Amino acid sequence: MADTFFSGLDDAALRALLERTALNGAALLTVGPTLHIESHSEAAARLTGLRPLERVDQLLSEAAVAALRDCIARQTPRTLYEELDGAEYRLELVPHRDGALLAFLRDDRASYDGSLRVLHAKSAQCLGALMSDIRRLEDGALSENLRKQCLRMHRILTHSDFLHDPPLTEQLRLTYCDLGKICRSEAREAAARTQTPVTVAAAESCTALVEPRLIRIALCNLLANAVSVTKADGDIALSLHDDGAFITVTVADRGPGLDAALFGTLLAGWQRSVPLDDYLALARQGAALGLGLPITQRIALLHGGSLLLSPREGGGSELHLSIAHLPASLADHNLHAPMILEEEFTLEEIEFSVL
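Each chain has its residues counted from 1, following the order in which its sequence is written. Local features in this predicted model are restricted to residues of pLDDT 70 or higher, and side-chain atom pairs are both shown and tallied only at a pLDDT of 80 or more, whereas totals for entire chains, interfaces and linings draw on every residue. Working from all heavy atoms in the structure, the side-chain values ignore hydrogens and water.

Quick look at the pattern of salt bridges
Next up, step 1: Here, a salt bridge means any side-chain nitrogen of Lys or Arg that lies within 4 Å of a carboxyl oxygen of Asp or Glu. The tally for this structure, following the rule as stated, stands at eight salt bridges.
Next up, step 2: Between Arg-55 and Asp-57 there is a salt bridge whose closest N-O contact spans 2.9 Å.
Next up, step 3: Of the charged contacts, one joins Arg-312 and Asp-235 as a salt bridge, the two residues approaching to 2.6 Å between their closest N and O atoms. Separated by 77 residues along the polypeptide, Arg-312 in the loop between β11 (306-311) and β12 (317-324) and Asp-235 in the loop between α7 (212-229) and β9 (236-242) bring together distant segments of the chain. Only runs of H or I of at least four residues qualify as helices and only runs of E of at least two qualify as strands under DSSP, and these elements are numbered from the N terminus.

Some points on the nonpolar core
Next up, step 1: Among the nonpolar cores identified, the biggest contains 52 residues, and Leu-179, Ile-215, Leu-293 and Ile-299 are the most heavily contacted of them.
Next up, step 2: Per-element accounting of this core gives the leading share, nine residues, to α7.
Next up, step 3: With near-sequence residues (within four places) excluded, Leu-179 lies in contact with Cys-206, Ala-208, Val-210, Ile-215, Leu-240, Ile-247 and Ile-323.
Next up, step 4: Judged by nonpolar contacts, the second largest core, of 26 residues, contains Ala-44, Ala-64, Leu-84 and Ala-100. Throughout, nonpolar core names a set of buried Ala, Val, Leu, Ile, Met, Phe, Trp, Tyr and Cys residues whose side chains join them through atoms within 4.5 Å. A 1.4 Å probe rolled over the protein chains alone gives each residue an accessible area, and that area as a share of the maximum for its type sets the label: buried under 20%, exposed over 50%, partly exposed in between. Should any heavy atoms of two residues lie within 4.5 Å, those residues are counted as being in contact.

Looking at the pairing of strand β10 (residues 246-252)
Next up, step 1: Burial runs high along β10: six of the seven residues are buried.
Next up, step 2: For two strands to pair, DSSP has to find at least two bridges joining them. The antiparallel hairpin formed by β9 and β10 contains three residues in its connecting segment, where Gly-244 sits at a positive phi of about 100°.
Next up, step 3: In the sheet, β10 pairs with β12 via seven bridges, with the strands oriented antiparallel. When the sheet's bridge partners are listed, Thr-248 is paired in β12 with Ser-322.

Thoughts on α7
Next up, step 1: Here α7 contains 18 residues, and its C-alpha end-to-end distance of 26 Å stays within 8% of the 26 Å for a straight helix at 1.5 Å per residue.
Next up, step 2: Counting buried positions along α7 gives 13 out of 18 residues, so the element sits mostly inside the fold. Expected span of a helix, by definition, is 1.5 Å for each gap between consecutive residues, and there is one gap fewer than residues.

Regarding the sheet that holds β10
Next up, step 1: Strand order across the open sheet formed by five strands is β7-β9-β10-β12-β11, with mixed pairing between neighbours. One side of each edge strand has no neighbouring strand; the edge strands of this open sheet are β7 (198-201) and β11. Averaged over neighbouring strand pairs, the angle between their axes works out to 15° when direction is ignored.
Next up, step 2: Pairing geometry for β9 and β10, over six bridges, is antiparallel. If you follow Leu-238 over to β10, its bridge partner there is Val-251.
Next up, step 3: For helices, the fitted line uses only the C-alpha atoms of the stretch in contact; every axis is such a line through C-alpha atoms, and the angle between N-to-C directions lies from 0 to 180 degrees. Contacts from helix α6 (residues 179-191) reach β7, β9, β10 and β12 within the one sheet, and its direction differs from that of β7 by about 175°.
Next up, step 4: Its contacts with the sheet place helix α8 (residues 260-268) against β11 and β12, and it is angled at close to 155° to β11.

Looking at the side chain of Ser-322
Next up, step 1: Position of Ser-322 relative to the elements: it lies in strand β12.
Next up, step 2: The exposure class assigned to Ser-322 is buried, which follows from its relative accessible area of 11%.
Next up, step 3: Contact partners of Ser-322, with chain neighbours within four places excluded, come to Phe-246, Ile-247, Thr-248, Ala-300, Gly-305 and Ser-306.

Printed below as a string of structure tokens:
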């Protein structure tokens, strides 16, 4: 039996209800069968910049346009995710007369729930290791083990805060640094913690305007992942390339190779409210369980770049940390952005506690 509750509410009650829900201030618009906008809310006008009688398909991705046409043709609601102006929205498509209603919704709560699933899984692992160590208090190495697990928990929690509330690029403590020097330093730290050879191909000097601590965190995450998947008879290669517009640091491993179809999920999975079993299934397919890749992607975005994946010749994966040459006007040493990690711990202690 169909739910007829809402059909029994008067218009004033419906309006009052909408004003008290998440739809209050949402970007809503309606389109006809030709995809011309018929009406829109003020929020939709601000978000899209479009007016009635303009076509909405000029704003949407090809996948969203196809879903919208399918919604209208089949008179069936559709849900998908769409990016506008650097922000991701849950786009609800609902049949409306002979066209459709489009609702662009921010999934802030669902994103947080998705991240909590990562936190719960990783925290449970760390706590399990701590409880196991507690039973061996007479062990002389106990204090070191406890410290390592606490550092892991510290990294997970602070990285999650950074993902949910990142600073703007203008808020970073940007300084001119030699990226070649940073790459060689981080490669040495990685090599000291594994029997796998770590080679570096980088110019003697490569100056760029960056937040050095964030760049080191990104490199530590990429190197830690490479070390974890590369066997002793393999090799890890770090290279640095500057094309004048972008600087790209590539970390190549000899692991089983990341599935390109899963890469987007690894970068954005923390934003999804998905069952824990589905997330853990990624780990069973060879994906790392954690926030390292999303953190690295966020750091790249803050530097005007991105994190890319390609297969490595001969087996393995290549992860490319691309950052832009930022304008000199952003170099301001008086700004103090909140940092991911506490200064009392060294970066190597925090990041390489995953090993």
